[in-house]
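# Chains, contacts and geometry: an overview
One-letter residues, chain by chain:
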Amino acid sequence: MKDISEIRSDFPILGRQVYGKPLIYFDNGATTQKPKCVIDTYSRIFTEFNGNVHRGVHAMSDLTSEAYENAREKVRSFINATKKEEIIFTSGTTDSINCVAFSFGERFVKPGDEIIISELEHHSNIVPWQMMCQRKGAVLKIIPIDDNGEICFDEFLKLLTPRTRLVAISQASNSLGTVVPVKKITDAAHSENIPVLVDGAQGIQHGIVDVQELQCDFYAFSGHKIYGPTGIGVLYGKEEWMNELPPYRGGGDMVEKVTFEKTTYQNLPYKFEAGTVNYAGAIAMAEALDYVLGLGREDIAEREKTLLDYATRQLISVKGLKIYGNAENKIPVVSFLLDGIHQYDTGIILDKMGIAVRTGTHCAQPVMDHFGIDGTVRVSMSFYNTFSEIDTLVEGLGKVIAMFKK
Ligand code: PMP
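Residues numbered from 1 in each chain as written. Predicted model: local features only at pLDDT ≥ 70, side-chain atom pairs only at ≥ 80, totals over all residues. Heavy atoms only, no water.

As summarised here, the arrangement of the four strands in space is 13-14-17-16, forming an open sheet in which the pairing is antiparallel. With one partner strand each, in any of the chains shown, strand 13 (321-324) and strand 16 (358-360) form the two edges of the open sheet. Taking each pair of neighbouring strands and ignoring which way they run, the sheet shows an average axis angle of 30 degrees. Bridge count for strand 16 against strand 17 (residues 376-380) is three bridges, and the pairing is antiparallel. Pairing of Arg358 across the sheet is with Arg378, part of strand 17. The strands touched by helix 12 (residues 343-352) are strand 14 (333-338), strand 16 and strand 17; relative to strand 16, the strand with the most contacts, the crossing angle is about 160 degrees. (Pairing = 2+ DSSP bridges. Helix = DSSP H or I, 4+ residues; strand = E, 2+ residues; numbered from the N terminus. Axes fitted to C-alpha atoms, helices over the stretch in contact; angles between N-to-C directions. Contact = heavy atoms within 4.5 Å.)

What follows is the structure, given as structure tokens:
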């Protein structure tokens, strides 16, 4: 892997100061910073070859369409999907999950059917299923978690019934950091012929994702969490499912023939890409994937594991600090509270020291309810963070504690 100072210099924002202090960015779970190559690609699209995709006979449209389809191929290869047609560009994980919840619900879900999610989910992998269940008269079943923040696998097995239509589960928890055994879940669900959607928003950036190995039927992720731009994401869906599902949105580009009597739809993937797509986002996201591949996904995972181990060790040594989420296998996320100090106070004071952490429920209110708390402070790391940044955080927490002792 490249030297850490070389890696950091790829990310222009990491050189800036906040309130006169060097920025220490520990909110990578919310969004990641962008390397210069991604920023340059985004700008190059609009300075060199911008035209709407799949619409024109002119050179600008052709060049953009080619770059857009190359981006699709890069995503296919990055997650090892079998076919390019299985890659749908969406606006992000939330959009991808809503698409499946709507389309799958319309086609396959009847009153009394059951959908399984877990207590660990982000609201994006709860609310679309609740909405679908309400629409279809279906029932949402919840896999509980234990006090370490791990999925109770035996309870999951008990929830699988002949009425189960789909399992939707995150690959890793954004609030606690738990890595979920998705392969074990897909194996169990598939033995009952039940499809599985994996919310990869917190999985894609921390290791190698191979959808053929995971055997998941749907996989969703966001570009902005893997060093790409905002407003772009991916829905991977196995061709046999996606061919069966009705389109989620109607409009230009997703149709074959339109008359007032009847409309026929395009084939995959265009059936699910109505209207002008975020082609600039897709092309720049593909650049981000190339950047990640250039660093090496195994090396990224190894470095982030070292950061997680160090941060965990240093943080538990802070008096009165309690960590929420002690799963055996975690992404580089540490969620915690300081005894007697509200998470917002901790977050605001750290911010004044140039340290960006996330505070609150992390869009995972049921997880907070499980622990009987109203939020945590979350430190979510990336390969570009350093050990000395962790030391500065720990020093900062010492100052927070001292302020509240007075
Ligand atoms: N799922 C998980 C686990 C997440 O962490 C997030 C983002 N915090 C989402 C879904 C939603 O992602 P987006 O807002 O990019 O659609």
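Let us look at unusual backbone geometry. Residue Pro269 follows Leu268 across a cis peptide bond; omega there is 0 degrees. Checked against the element boundaries, Pro269 lands in the loop between strand 12 (263-265) and helix 10 (279-295). Its identity as a non-glycine residue notwithstanding, Tyr19 has a phi of 50 degrees, on the positive side. Along the chain, Tyr19 falls in the loop between strand 1 (17-18) and strand 2 (21-22). Even without glycine at this site, Gln215 takes up a positive phi of about 65 degrees. Structurally, Gln215 is set in the loop between helix 8 (211-214) and strand 9 (218-222).

Before going further, it helps to examine the side chain of Asp27. Secondary-structure assignment places Asp27 in the loop between strand 3 (24-25) and helix 2 (36-48). With residues near it in sequence (within four places) discarded, Asp27 still touches Ala356, Arg358, Arg378 and Ser380.

Turning our eyes to something else, we now look at the domain arrangement of the protein. Domain annotation for the protein reports domain 1 (4-30 + 296-405) and domain 2 (39-293). Its C-alpha centre places domain 1 at a distance of 28 Å from the equivalent point of domain 2. Listed per partner, the contact involves 37 residues of domain 1 and 33 residues of domain 2. When the buried area of domain 1 at its contact with domain 2 is split by residue, Arg297, Ile331 and His370 rank highest and sum to 26% of it. Put simply, domain 1 and domain 2 have zero salt bridges between them. Between domain 1 and domain 2 we count 22 residue pairs in polar contact (both at pLDDT 80 or more) in total. If you list the elements that add at least two residues to the side of domain 1 that touches domain 2, you get helix 11 (297-316), strand 14 and helix 13 (365-371). (Domains from an automatic or database assignment. Buried area = accessible area lost by both parts, 1.4 Å probe. Salt bridge = Lys/Arg side-chain N within 4 Å of Asp/Glu carboxyl O. Polar contact = N/O pair within 3.5 Å; in protein donor to acceptor, adjacent residues only side chain to side chain.)

A word on helix 5 (residues 127-136). Along helix 5, the residues classified as buried are Pro128, Trp129, Met132, Cys133 and Lys136. Projected onto a plane normal to the axis of helix 5, the buried residues spread over an arc of 135 degrees and lie on a single side. Immediately beyond the C-terminal end of helix 5, within one or two residues, lies Gly137, with a positive phi of roughly 70 degrees. (Buried < 20%, exposed > 50% of the residue type's maximum accessible area, 1.4 Å probe, protein only. Arc of directions from axis to C-beta.)

Tallied over the entire structure, the rule returns 22 salt bridges. Glu69 serves as the salt-bridge partner of Lys84, at 3.6 Å between the closest nitrogen and oxygen. Note that Lys84 is positioned in the loop between helix 3 (59-79) and strand 4 (87-90) and Glu69 in helix 3, a separation of 15 residues in sequence. We classify Lys84 as partly exposed; its relative accessible area is 27%. The partner of Glu73 in a salt bridge is Arg76, and the shortest N-O contact between them spans 3.0 Å. Of the two residues, Glu73 and Arg76 both sit in helix 3, three residues apart, roughly one turn of that helix.

The biggest cluster of nonpolar side chains holds 75 residues, and the ones touching the most others in it are Ile79 and Tyr219. Per element, the largest residue contribution to this core is 12 residues, and it comes from helix 10. The residues touching Ile79, leaving out its near neighbours within four places in the chain, are Ile87, Ile204, Val209, Asp210, Val211, Phe221 and Tyr236. Within the second largest apolar cluster, 28 residues are counted, among which are Leu315, Ile341, Leu350 and Met381. (Core = buried A, V, L, I, M, F, W, Y, C linked by side-chain atoms within 4.5 Å.)

A word on the sheet that holds strand 8 (residues 196-199). An order of 4-10-9-8-7-5-6 is seen for the seven strands of this open sheet, with the pairing classed as mixed. Here the strands that pair on one side only, and so sit at the sheet edges, are strand 4 and strand 6 (139-143). Strand-to-strand twist in this sheet, taken as the mean axis angle between neighbours without regard to direction, amounts to 20 degrees. Direction of pairing for strand 7 (residues 164-170) relative to strand 8: parallel, over a ladder of four bridges. When the sheet's bridge partners are listed, Ile169 is paired in strand 8 with Val198. Sheet strands in contact with helix 3 are strand 4, strand 9 and strand 10 (233-237), and its direction is about 115 degrees off that of strand 4.

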